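# Analysis of the macromolecular model
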Amino acid sequence: MSLTIENILFTGSVLLFLSILAGKTSYKFGVPTLILFLLVGMLAGSDGLGIQFNNPEIAQFIGIVSLNFILFSGGLDTSWKSIKPVLGKGIALSTVGVLLTASSVGVFVWLLTDFTIFEGLLLGAIVSSTDAAAVFSILRSKSLALKYRLRSTLELESGSNDPMAYVLTIAFLGLVLNPNQGVMSIIILFLQQMIIGGALGLLFGWLSKQAINRINLGFEGLYPVLVISLMFVTFSFTDLLGGNGFLAVYLCAVYLGQQELIHKNSILKMFDGLAWLMQIVLFLTLGLLVNPSEIIPLIGLGVAVSAFLIFVSRPLGVFLTLLPFKMKNRSRWYISWVGLRGAVPIVFATYPLIAGIDKAHMIFNLVFFISLTSVLIQGTTLSVVANWFKVSLPEKAKPKSPIDYIMNEAPKTEMTEVIIPDGNEIIGKKILEIGFPKNAIIAMLRRKGEYITPKGSTEIQAWDQLLVLSENKDCLKKVYEALHVPIEAEIEEDED
């Protein structure tokens, strides 16, 4: 078959369709969808159907673009209220924990193989972070409800530890290429990446909010497109100034997720779908890039490194990192088990390939095997292990994320009409600025005899009549408080 644009589109769409079908049926057999995406790519590759793809530069580009969407979607779906109590633990795990894991794996590989210490540390750095795509998708698709804020801790760690792993990967790759490079340069690189990345992430979050709420685009469908452009501006500008773009994108999204935005529901829904699409594309691409025949000779070493990472390195890093925090040991053990490796380490493994170091292909194939076994062994047992350690909760007790509220909106059982009198303090404000309850909606607005479908950008005027739907009377009470009007007598009577 000749390589044309039409053939590429046809092949890509068929692989995408097969991946979605595989993902739909995979949980009947207890297999995470990410494994199926990888396997579809591998089966279609050079050792399977014969699709030749051997371009690590393109794979890296696809990986970086995909990770932007995955991290941004995860950030939008992160509730500050839920991560605030575990902020210290999450940051410790995403920095000190990653460093300890990278160091221990690096030393183990150095002692076990003919790798130099810097080559061993490079491999350790590449596999040191838990994968946001794997953790977000598996935890949420399994609807795991966990005690002791474990879910918030795990999602915060996975969303924020890629920058540390990236810094270590670049630093140790530099040491492999130039062993005379000083350790101080690594410390400077780390501080530069984190400080600039963190500061610009929050700054772009604030600027993005202003842009979204102040620019009148006229069409609802353009707002998600605007957010995509702001996401890439955040990443590229931060990277241009020497900061960590991944950290900036995640923090920008976390900030935006807590704000009232015009057409926020549309933005959240679109990014949720795009995150899934990017996960599929990313895992398909990485599956195509790998040649299973090259992995077979490394299975013994891969099993040894995987076992050390899962059963020694990750638990050691978690327990040492969390020593200053009061936690039950069963919580520490469960955090240790959810050390999922996935697409991010494989993307980072393309950096040695592009740099052309001696053991680049061996490192790439080992990382692929480690990621595959991690998702297959740990990803399939998250629920079982949660029950073993008695850290699981019933599904109904799971805290709702922003996307949960949108995708599973409760029926509105209360309806009322509210008139905004002249002199009310919300007059002149946009609906998104008045702090309206998330589980209530303004279904209709009547102004001077005309009916208007309200949006977040609609400004409240004197004597507007609002038709409000809410879940219950408690929510209705919050509606009156947000609108700064007296509560209807019948509501107060029902409460009495």
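Presented here is a report on the structure given in the accompanying data block. Treat the numbers as computed from the prediction; the structure is a model and nothing was measured. (Residues numbered from 1 in each chain as written. Predicted model: local features only at pLDDT ≥ 70, side-chain atom pairs only at ≥ 80, totals over all residues. Heavy atoms only, no water.)

### Observations concerning the overall build of the chain
Scanning the chain from N- to C-terminus turns up 23 helices and six strands. Relative to its full complement of 496 residues, the chain shows a buried share of 53%. Across the chain, the fraction of contacts at a sequence separation of at least 24, relative to all contacts at a separation of at least 6, is 79%. Counting every atom, the chain has about 22200 Å² of accessible surface; 64% of that belongs to carbon and sulfur. (Helix = DSSP H or I, 4+ residues; strand = E, 2+ residues; numbered from the N terminus. Buried < 20%, exposed > 50% of the residue type's maximum accessible area, 1.4 Å probe, protein only. Contact = heavy atoms within 4.5 Å. Areas by Shrake-Rupley, 256 points an atom, 1.4 Å probe, with all protein chains shown as cover.)

### Quick look at helix H22 (residues 473–483)
Every buried residue of H22 is accounted for by Cys475, Leu476, Val479, Tyr480, Ala482 and Leu483. With its buried residues spanning 160° around the axis, H22 presents them on a single face. Exposed and oriented more than 90 degrees from the buried face of H22 are Asp474 and Lys478. (Arc of directions from axis to C-beta.)

### Remarks on the packing of aromatic side chains
This structure, assessed with the given rule, holds 12 aromatic pairs. On the basis of an interplanar angle of 75° and a centroid distance of 6.0 Å, the ring pair of Tyr166 and Phe246 is categorised as edge-to-face. Residue Tyr166 is found in helix H9 (residues 162–177), and its partner Phe246 is found in helix H12 (residues 245–257); the two are separated by 80 residues along the sequence. Like Phe246, Tyr166 is buried. (Phe/Tyr/Trp six-rings, centres within 6.5 Å; stacked < 30°, edge-to-face > 60°.)

### Some points on the environment of Tyr351
Locating Tyr351 in the fold gives a position in helix H18 (residues 350–355). You can call Tyr351 buried: its relative accessible area is 13%. Not counting residues within four places of it along the chain, the set of residues in contact with Tyr351 comprises Gln60, Ile64, Tyr166, Ile170 and Leu173.

### What to know about helix H3 (residues 56–76)
The end-to-end C-alpha separation of H3 is 30 Å, in line with the 30 Å expected for 21 residues at 1.5 Å each. Between the side-chain oxygen of the N-cap and the backbone nitrogen of Glu57 there are 3.1 Å, and the N-cap of H3 in question is Asn55. (Expected span 1.5 Å × (residues − 1). Polar contact = N/O pair within 3.5 Å; in protein donor to acceptor, adjacent residues only side chain to side chain.)

### Comments concerning the nonpolar core
Side chains that are nonpolar tend, in soluble globular proteins, to be buried together. Membership of the largest hydrophobic core comes to 97 residues, with the highest contact counts inside it found for Phe72 and Phe271. For this core, the element with the most residues is helix H13 (residues 264–289), which contributes 12 residues. Filtering out sequence-adjacent residues up to four positions away, Phe271 remains in contact with Phe69, Phe72, Ser73, Leu76, Pro224, Val227, Ile228 and Met231. Of all hydrophobic cores here, the second largest spans 19 residues; its members include Ile420, Leu445, Val468 and Val485. (Core = buried A, V, L, I, M, F, W, Y, C linked by side-chain atoms within 4.5 Å.)

### With respect to the pattern of salt bridges
By the definition in use, this model includes four salt bridges. Its salt-bridge partner being Glu155, residue Arg151 comes within 3.4 Å of it at the nearest N-O pair. Separated by four residues within a single helix, Arg151 and Glu155 lie in helix H8 (residues 150–160), roughly one turn from each other. Note that Glu157 and Arg314 form a salt bridge whose closest N and O atoms lie 2.8 Å from each other. Taken together, the positions of Glu157 in helix H8 and Arg314 in helix H15 (residues 299–321) put the pair 157 residues apart, joining distant regions of the chain. Taken individually, Glu157 and Arg314 each receive the classification buried, so the pair is uniform in this respect. (Salt bridge = Lys/Arg side-chain N within 4 Å of Asp/Glu carboxyl O.)

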